[in-house]
2 protein chains.
Amino acid sequence: MNDISFNTRLNTRECGGCPIRHRAVCARCEPNELEQLDAIKYYRTFEAGQPVIWSGDPMEFVSSVVSGIATLSQTMEDGRTQMVGLLLPSDFIGRPGRDTTPFDVVAVTDLTLCCFRKKPFEDMMERTPAIGTRLLQMTLDELDSAREWMLVLGRKTAREKIASLLAIVARRDAALHKVPPRDGMSFELPLTREAMADYLGLTLETVSRQVSALKKSGVIKLEGKRRVIIPDLEALITEAGDDMDGAPIT
Amino acid sequence: MNDISFNTRLNTRECGGCPIRHRAVCARCEPNELEQLDAIKYYRTFEAGQPVIWSGDPMEFVSSVVSGIATLSQTMEDGRTQMVGLLLPSDFIGRPGRDTTPFDVVAVTDLTLCCFRKKPFEDMMERTPAIGTRLLQMTLDELDSAREWMLVLGRKTAREKIASLLAIVARRDAALHKVPPRDGMSFELPLTREAMADYLGLTLETVSRQVSALKKSGVIKLEGKRRVIIPDLEALITEAGDDMDGAPIT
DNA sequence: ATCTTGTCTTGATCCTGATCAATGATGCGC
DNA sequence: GCGCATCATTGATCAGGATCAAGACAAGAT
């Protein structure tokens, strides 16, 4: 793959799963009926670790993740925290119709968001029902994911939880590169042990132990601390306590 | 309150939170632009304990709960079960745009659903964007609730989980009767200990013990096994580990 | 080269909630 | 009334994961 084709792909790729299917980067693409939105859209970048918005803040924009990873989480007064969503490229952030943000959003890696000021976006939704329809589909998918995660949090063992997380990240990573997940695939795990613990309702020590245990039993291999290799995808999914069906490739 | 006024209220009340704000029972009400839906809507009743639909079944209708209570749940192959939603009157069941049902729906009490065949409902959604908008709002609310529940499942102790469940049912019960929740309120807990356990990711023994413990410390009172009295709402919410804000009255 | 700092691993011990088991209520059919 | 089924309570014991604590490892900073 040479530079030109790479750049071409980059420049013309769609803005992730943004409900408005505009182009993310290239200004030279063929016009479409939604280009008016260019007037109200802008990009914001955040460094790894930076908060994007806090729970309770006024919601001034909605956005979609262009690159990088963010987390959606809640914290109790005594400091216990639970991650409630992992935002990968193509995920949507925000709630048309609400004024305040319900959860904390934090950039895990360097992060680029494609933002729309909220009011113009809502006006646009009214004029273009297709946006609402698409947003409804995305929201329904997220609701299914959240509910599937409730099974993980409520009923799975620590080992199953880790395997579930790895299986999900593997699937999403594959989907991001538009290839089916396969045996032997590898991916960079974007989360620290602590972030994994927050996601899974565990402590970081337990996460570390169970990751080691999965490595020892050959279900996963590690390159360094973060790159994970999945020699046998079905084995991983079995460890997660899932069967092969279910689990859409989201 | 005499019989006539009671019947009048009953006959003209809206069909819960159904995205289509038609009248639930009365055929004599003033016509509105959505009455065409009467042609595609019908009612179904289920006895307590009956399944409404199983995960994976083809989805032939969408519906809204008119009366009674249903649960939305998932089960693993080995039998571990996690409830992922509690469907009270006004809740919507179904997924426009999807063909199969993602979770099991079971009637907990006797249940009446107001159903719409799925295809005509989808057509209607296309012609009437307001329905989609309303459905989007409802779905976003459900997503928030699901995410709040993830904190309960992932990070709260057994005692806090029980208190959280009681607080939620108390709030929803109050909302259903259109009164604010208040100290001294009481409600019929519609769930068995086992169903509570499935909702909270606990065993029924632990539920029983913690309910007893909350009773012993005076946070709740019981009349029989099922009727719960909340002498001090704030105390209950404190036991749940929440602060007073958050928690919309849904 | 050494010191920091952040991240991860591993060990020892404790405690919450699961599991196994027995016993009480309550309601229902006859 | 009695037997039976369902649901709930309570007790004894166990185990999975939390907690507390010590070190390992890598990447920068000085």
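Basis of the calculations
- Residues numbered from 1 in each chain as written.
- Chains lettered and ligands numbered in written order.
- Predicted model: local features only at pLDDT ≥ 70, side-chain atom pairs only at ≥ 80, totals over all residues.
- Heavy atoms only, no water.
- Near = heavy atom within 4 Å.
- Polar contact = N/O pair within 3.5 Å; in protein donor to acceptor, adjacent residues only side chain to side chain.
- Contact = heavy atoms within 4.5 Å.
- Buried area = accessible area lost by both parts, 1.4 Å probe.
- Salt bridge = Lys/Arg side-chain N within 4 Å of Asp/Glu carboxyl O.
- Helix = DSSP H or I, 4+ residues; strand = E, 2+ residues; numbered from the N terminus.
- Buried < 20%, exposed > 50% of the residue type's maximum accessible area, 1.4 Å probe, protein only.
- Arc of directions from axis to C-beta.
- Least-squares fit on C-alpha atoms with pLDDT ≥ 70 in both.
- Phe/Tyr/Trp six-rings, centres within 6.5 Å; stacked < 30°, edge-to-face > 60°.

1. Section: the protein's contact with DNA strand C
So, step 1. Among the 17 residues in the neighbourhood of DNA strand C, the closest are listed as Arg193, Ser208 and Arg209 of chain A together with Ala158 and Thr206 of chain B.
So, step 2. By atom count, sugar and phosphate contribute 62% of the portion of DNA strand C lying within 4 Å of the protein.
So, step 3. Within the backbone of Ala158 of chain B, an N or O atom sits 2.7 Å from a phosphate oxygen of DNA strand C.
So, step 4. Between a base nitrogen of DNA strand C and a side-chain N or O atom of Glu205 of chain B, the distance comes to 3.1 Å.

2. Quick notes on the interface of chain B and chain A
So, step 1. Opposite the 44 residues of chain B that make contact, chain A presents 44 residues.
So, step 2. Counting each side, the surface lost to burial between chain B and chain A is near 4,100 Å², with a carbon and sulfur contribution of 57%.
So, step 3. Taken as a group, Arg147, Met150 and Arg155 of chain B account for 20% of the area that chain B buries against chain A, more than any other trio of residues on that side.
So, step 4. Connecting chain B to chain A are 14 salt bridges.
So, step 5. Across the pair Arg147 of chain A and Glu142 of chain B runs a salt bridge whose closest N-O atoms are separated by 2.9 Å.
So, step 6. Inspection of the region where chain B meets chain A yields 27 residue pairs in polar contact (both at pLDDT 80 or more).
So, step 7. For the side of chain B that touches chain A, the element with the highest residue contribution is helix α3 (residues 129-155) of chain B, accounting for 18 residues.

3. Quick notes on helix α2 (residues 118-127) of chain A
So, step 1. Where α2 of chain A is concerned, the buried positions are Lys118, Pro120, Phe121, Met124 and Met125 of chain A. The arc that holds the buried residues of α2 of chain A, viewed along the axis, is 165°, so those residues lie on one side. Exposed residues on α2 of chain A whose side chains face more than 90 degrees from its buried face are Lys119, Glu126 and Arg127 of chain A.
So, step 2. Those residues of α2 of chain A that are buried are in contact with β3 (61-67), β6 (92-93), β8 (111-117) and α3 (129-155) of chain A together with α3 of chain B.

4. Quick look at the protein's contact with DNA strand D
So, step 1. Neighbouring DNA strand D are 17 residues, the closest being Ala158, Thr206 and Arg209 of chain A together with Arg193 and Ser208 of chain B.
So, step 2. Per the 4 Å cut-off to the protein, sugar and phosphate atoms form 63% of the nearby atoms of DNA strand D.
So, step 3. Contact distances for DNA strand D include 2.3 Å between a phosphate oxygen and a side-chain N or O atom of Thr206 of chain A.
So, step 4. A distance of 2.9 Å separates a base nitrogen of DNA strand D from a polar side-chain atom of Arg209 of chain B.
So, step 5. Sorting the residues of the surface near DNA strand D by element identifies α6 (204-216) of chain A together with α6 (204-216) of chain B as the ones contributing at least two each.
So, step 6. Here the surface near DNA strand D gets 5 residues from one element, more than from any other, and that element is α6 of chain B.

5. Notes on the relation of the copies chain B and chain A
So, step 1. Superposing chain B onto chain A takes a rotation of 180° combined with a translation of 0.0 Å along the rotation axis, leaving an RMSD of 0.0 Å. Each copy turns onto its partner about a two-fold axis.
So, step 2. Interface overlap between copies is the fraction of interface residues in one copy that are interface residues in the other; for chain B against chain A it reaches 100%, indicating a shared surface.

6. A few points about the packing of aromatic side chains
So, step 1. Tallying each qualifying case throughout the model produces 6 aromatic pairs over all chains.
So, step 2. A centroid spacing of 5.6 Å and a plane angle of 45° characterise the contact between Phe116 of chain B and Phe121 of chain B, whose relative ring orientation is tilted. As far as the burial class goes, Phe116 of chain B and Phe121 of chain B line up, both buried.
So, step 3. With centroids separated by 4.5 Å and ring planes inclined at 20°, the aromatic side chains of Trp149 of chain B and Tyr199 of chain B adopt a geometry described as stacked. You can see Trp149 of chain B sitting in helix α3 and its partner Tyr199 of chain B sitting in helix α5 (residues 193-200), a full 50 residues away along the chain. Tyr199 of chain B matches Trp149 of chain B in its accessibility class, with the two residues each being buried.
So, step 4. An aromatic cluster is defined as three or more aromatic residues linked by ring pairs; in this entry it consists of Phe92, Phe116 and Phe121 of chain A.

Everything listed here is a matter of geometry and, on its own, says nothing about what the molecule does.
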